Amino acid sequence: MAWGEGWQVRGDGRPADGTFCYLWGLNVSIYMAARIDWVEALKPLLRKYKGRKHPLKYKNIYQLVVLVVLSAQSSDDHINELAPSLFNAFPDMEALSKVEAAGLFPFFKGVRNFAHKADWLVRIAREVKTDSGIPLTMEGLTALPGIGRKSASVILREAGRPAEGVIVDLHVVRVAQRLGIVRVADPKKIEERLMKLLPEKEWEAGMAMSFLGREICRPKPECPLCLMKKVCAYYKKNFGL
Ligand code: SF4
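Residues numbered from 1 in each chain as written. Predicted model: local features only at pLDDT ≥ 70, side-chain atom pairs only at ≥ 80, totals over all residues.

**A look at the overall build of the protein**
Defined as follows: Numbering of helices and strands starts at the N terminus; helices are DSSP runs of H or I of at least 4 residues and strands are runs of E of at least 2. Burial is judged by counting the other C-beta atoms within 10 Å of a residue's own C-beta: 20 or more makes it buried, 12 or fewer makes it exposed, and any count in between marks it as partly exposed, with every C-beta position built from the backbone. Placing C-beta atoms from the backbone, we regard two residues as in contact once those atoms come within 7 Å.
Each helix and strand counted, the protein has 13 helices and zero strands in total. Start at the N end of the protein and walk to the C end: the helices and strands fall as α-α-α-α-α-α-α-α-α-α-α-α-α. Looking at the 241 residues of the protein, the share that counts as buried comes to 32%. In the protein, the proportion of contacts linking residues at least 24 apart, taken out of those at least 6 apart, comes to 55%.

In structure tokens, the structure reads:
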């Protein structure tokens, strides 16, 4: 349908499904998404994934920090494969602080941006000195090299600390756009939107959307299996309700 064609209005004044809205320049699926109470709509997702552990296989906070830094732009499965030999050689921050970055390269086979990550990890280890020196706050973590807001939020969640932000990874960017919660692809703006939209106790919704994106709402989504289809703009646009 070309822009502006098929304009129809229901008896209640709302644009009919499948038509384009002249006034706002939005199609009806986005119009409907804007009217959804997302605090309520995301609750089933929160219930499904509440408390589920992150796919990175860590045994303590030291390992968690290292794996989170390594996993940026790399798959969790690949990083999990490298973990045993890395932690066998460097069991804690103290051991890691004593190596030069190049000494980590043999452990980082196939890791994207491995040289920078090695440098960041050694600098982190030298800064915090011991495992107990790892700061478990958003401010403290993001002050360390190689740790941004998303990584810090993952570490805080897994460490059982209160959320200070909403996790927005590549999966969340895709899911939040498809659901119709946001129309932008910038993770920073998506996090800001989610933090405004949801009360703090629901900020776990980021990780819940991430799990949905890993399992169901993959690049090729399996919509018939999805518990969010009733509120999803993508589903409404492509399959109708
Ligand atoms: S209904 Fe489809 S597009 Fe929408 S969130 Fe679920 S899997 Fe993704």
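**A short note on the site of the ligand**
Filter applied, for reference: For each residue, a C-beta atom is placed from the backbone, and the residue is labelled near a molecule or strand when this atom is within 6 Å of it. Polar here means any residue outside two lists: the nonpolar Ala, Val, Leu, Ile, Met, Phe, Trp, Tyr, Cys and Pro, and the charged Asp, Glu, Lys and Arg; Gly therefore counts as polar.
Neighbouring the ligand are 14 residues, the closest being Cys 217, Pro 221, Cys 223, Cys 226 and Cys 232. Counting residues per element, the ones that place at least two in the shell around the ligand are helix H10 (170–179) and helix H13 (233–239). If you tally residues by element for the shell around the ligand, the top one is H10, at three residues. A breakdown of the residues in the shell around the ligand according to their chemical character gives 11 nonpolar, no polar and three charged.

**Concerning the environment of Met 207**
Within the secondary structure, Met 207 sits in helix H12 (residues 205–215). Between the C-alpha atoms of Met 207 and His 171, which are 36 residues apart in sequence, the distance is 9.3 Å.

**Some remarks on the nonpolar core**
Using the following cut-off: Think of a nonpolar core as buried Ala, Val, Leu, Ile, Met, Phe, Trp, Tyr and Cys residues, each tied to the set through C-beta atoms within 7 Å. Where each domain begins and ends is defined by an automated method or by a domain database.
In this structure, Val 65, Leu 121, Ala 176, Leu 179, Ala 205 and Met 209 are the most contacted members of the largest nonpolar core, which totals 55 residues. Ranked by residue count, the leading element in this core is helix H4 (residues 61–71), at seven residues. Formed jointly, this core draws a minimum of three residues from each of two domains, domain 2 (37–51 + 167–239) and domain 3 (61–158). Setting aside its immediate chain neighbours within four residues, Ala 176 contacts Ile 181, Val 182, Ile 190 and Met 209.

**Let's talk about unusual backbone geometry**
If you check the backbone angles, Asn 113 has positive phi at about 60° while not being a glycine. Summarising the element assignment, Asn 113 is placed in the loop between helix H6 (93–97) and helix H7 (114–128). The backbone of Lys 129 shows a phi angle near 70°, a positive value even though the residue is not glycine. Topologically, Lys 129 is positioned in the loop between H7 and helix H8 (138–142).

**Some details on the packing of H4 against helix H5 (residues 76–89)**
For any two helices packed against each other, the geometry comes down to the angle between their axes and how far apart the axes lie. Short version of the rule: The convention used is that axes are lines fitted to C-alpha atoms, helices contributing only their stretch in contact, and that angles between N-to-C directions extend from 0 to 180 degrees. Roughly parallel covers angles under 35 degrees, roughly antiparallel covers those over 145, roughly perpendicular covers 65 to 115, and oblique covers all other angles. If you view the pair so one helix is near and one far, a crossing is left-handed when the near helix is turned anticlockwise from the far one by less than a right angle, and right-handed when it is turned clockwise.
Contact geometry for H4 and H5: axes closest at 10 Å, N-to-C directions at 135°. The angle between H4 and H5 places the two elements in the oblique class. Here H4 and H5 pass one another in a crossing that is right-handed. Contact residues: Gln 63, Leu 67, Leu 70 and Ser 71 in H4; Asp 76, Ile 79, Ala 83 and Phe 87 in H5. Of the residues in the contact of H4 with H5, the class split is five nonpolar, two polar and one charged.

**Here's the deal with helix H9 (residues 149–158)**
Listed in full, the buried residues belonging to H9 are Lys 150, Ser 151, Ala 152, Ser 153, Val 154 and Ile 155. A positive backbone phi angle near 75° is found at Gly 160, which sits one or two residues after H9.

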